Amino acid sequence: MLRPHNIFIYTISWALSAAMFFRHTLLSGGDALPGDRGDTRLLIVICEHWFRVITGRDPWLSPNFFHPVEGVLGYSDALLLYAPPYATFRLIGVDMFSAFQLTLTVVHIIGFAGTVVLLRRCIGLPSWVCAVGGVLFLSLNGAYVAASHSHSQLLSIWFIPILGIAMAAYVKATDPRQWQGWLAGSVFASFFSVLCYTSFYTGWFFFLFGMVSCAIGASGFIALSGGRHALVSTISFLRSRMLQLGFFVVIGLVSFLPFWLTYLPVKAGGAVRLFTEVQLPTLIDLINVGSGNFLWGAPFEKLFKSLEMRPGGHELKLGMPLILTALFLATVIINLVRLCRSGKRRNLLLQVIPEKQSYLAVTLGVGVVLCWLLAVQFEGISLWWWV
């Protein structure tokens, strides 16, 4: 149960992060929305389309802004998770533009609350660390720049902690007969499809990062437990949960039906992007936060402005600040050293929580670094083509 001082810490932390992220809207008295007058208006009319669908005035797949062309919802992100709060605000009389800003605020609240629950209840970190983690996650430079460039659909990353909570709940249900495990797995499978139907880029990159992290975690398990032991444990796990995992696959496939019905016809019509259109970052872009960054834009203005002058440079200033990057890498290295010094190597995964925290930090941290390396180009060469 939350204690009063923890509620105070979380509330203040969220308010500070919201004030920072939405500062231009607040300073304008609510008149300025994130982004420009182009794509931001598209996002608003997509949300308005869902409102009209919910109220029975428009067909599901055919927004009226391309009338008389039908089946064009798949030309962009569908923003499904934005629809419930947006429609609620519209139903009580809020105008389109204010409803969209309020929707982003609701998504921001969900992201902070989800991060705190994930870090506190699932991982067991102290309250103040959870508050700092929530602020950092909701204040990511990449998210702010994306919203500023009219890509507010990418703020759907704030829903990802819900998937983490569901995954943690499934792992904690050690007995496959427990209803909590069935519920958690079903939530994960269905919510992932809804996330993809909100922003397919968010869903795709979460899937890629998840697969890379699982491969790293499995490799570490094999290295620490021995190949034969790891194989026997894996086979035993799959046998005990075969029916359950099959059920989750069915749930996921059924949940993805709206996604396929929306996007496959569009893809068949040739509306796809080519690899040659992809703007790949260089190594320096990992810390490229842009000359307009609130804290770091001025000290490194000359460097960042030169990077922005490149073709497509405005799309590449999504990096992390230098100090935050250094802290992230230091955390991964410290936890890796901690694991290597552990005396109980063969039963590492069954040890007390601090060991599990280190294992998780290393797995996810190395996963982030590998995904960085996949995307970065060196002298025009990148592994991203294989992805």
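Residues numbered from 1 in each chain as written. Predicted model: local features only at pLDDT ≥ 70, side-chain atom pairs only at ≥ 80, totals over all residues. Heavy atoms only, no water.

J.: Before we move on, can you summarise the packing of helix α3 (residues 39–54) against helix α4 (residues 83–91) with the specific residues and values?
T.: At a minimum axis separation of 9 Å, α3 and α4 run at an interaxial angle of 75 degrees. One element, α3, and the other, α4, form an angle in the roughly perpendicular class. Residues Ile44, Cys47, Glu48, Trp50, Phe51 and Ile54 of α3 lie in contact with α4, whose contacting residues are Ala83, Tyr86, Ala87, Arg90 and Leu91. Partitioning the contact of α3 with α4 into residue classes produces nine nonpolar, no polar and two charged. (Axes fitted to C-alpha atoms, helices over the stretch in contact; angles between N-to-C directions. Helix = DSSP H or I, 4+ residues; strand = E, 2+ residues; numbered from the N terminus. Parallel < 35°, antiparallel > 145°, perpendicular 65-115°, else oblique. Contact = heavy atoms within 4.5 Å. Nonpolar A, V, L, I, M, F, W, Y, C, P; charged D, E, K, R; others polar.)

J.: Can you explain the packing of helix α1 (residues 4–21) against helix α6 (residues 127–138)? Please cite residues and give values.
T.: One can describe the packing of α1 onto α6 by two numbers: an axis separation of 9 Å at closest approach and a directional angle of 15 degrees. Between α1 and α6, the angle is such that the two are roughly parallel. Between α1 and α6 lies a crossing of right-handed hand. Taken together, the residues of α6 that come into contact with α1 (itself represented by Asn6, Ile9, Tyr10, Ser13, Trp14, Ser17 and Phe21) are Ser127, Cys130, Ala131, Val135 and Leu138. Taken together, the residues that form the contact of α1 with α6 break down as eight nonpolar, four polar and no charged. (Left-handed = near helix turned anticlockwise from the far one by under 90°.)

J.: An account of the side chain of Asp77 is requested, with residue identities and associated values reported.
T.: Mapping Asp77 onto the fold places it in the loop between α3 and α4. For Asp77, the side chain forms a polar contact with the side chain of Gln153, separated by 3.4 Å. A distance of 3.5 Å separates polar atoms of two side chains, one belonging to Asp77 and the other to Ser199. (Polar contact = N/O pair within 3.5 Å; in protein donor to acceptor, adjacent residues only side chain to side chain.)

J.: Break down the nonpolar core for me, citing the residues and quoting the values.
T.: Grouped together as the largest cluster of nonpolar side chains are 48 residues, with contacts concentrated most on Phe21, Tyr82 and Leu155. At the level of secondary structure, the elements contributing two or more residues to this core comprise α1, α3, α4, α5 (96–122), α6, α7 (141–148), α9 (179–198) and α13 (257–268). Sort the elements by how many residues they give to this core and α5 lands first, with seven residues. Non-local contacts of Leu155, meaning those with residues more than four positions away in its chain, are made with Phe21, Tyr82, Leu104, Val107, Ala143 and Ala147. Grouped together as the second largest cluster of nonpolar side chains are eight residues, Leu208, Ile216, Cys371 and Leu374 included. (Core = buried A, V, L, I, M, F, W, Y, C linked by side-chain atoms within 4.5 Å. Buried < 20%, exposed > 50% of the residue type's maximum accessible area, 1.4 Å probe, protein only.)

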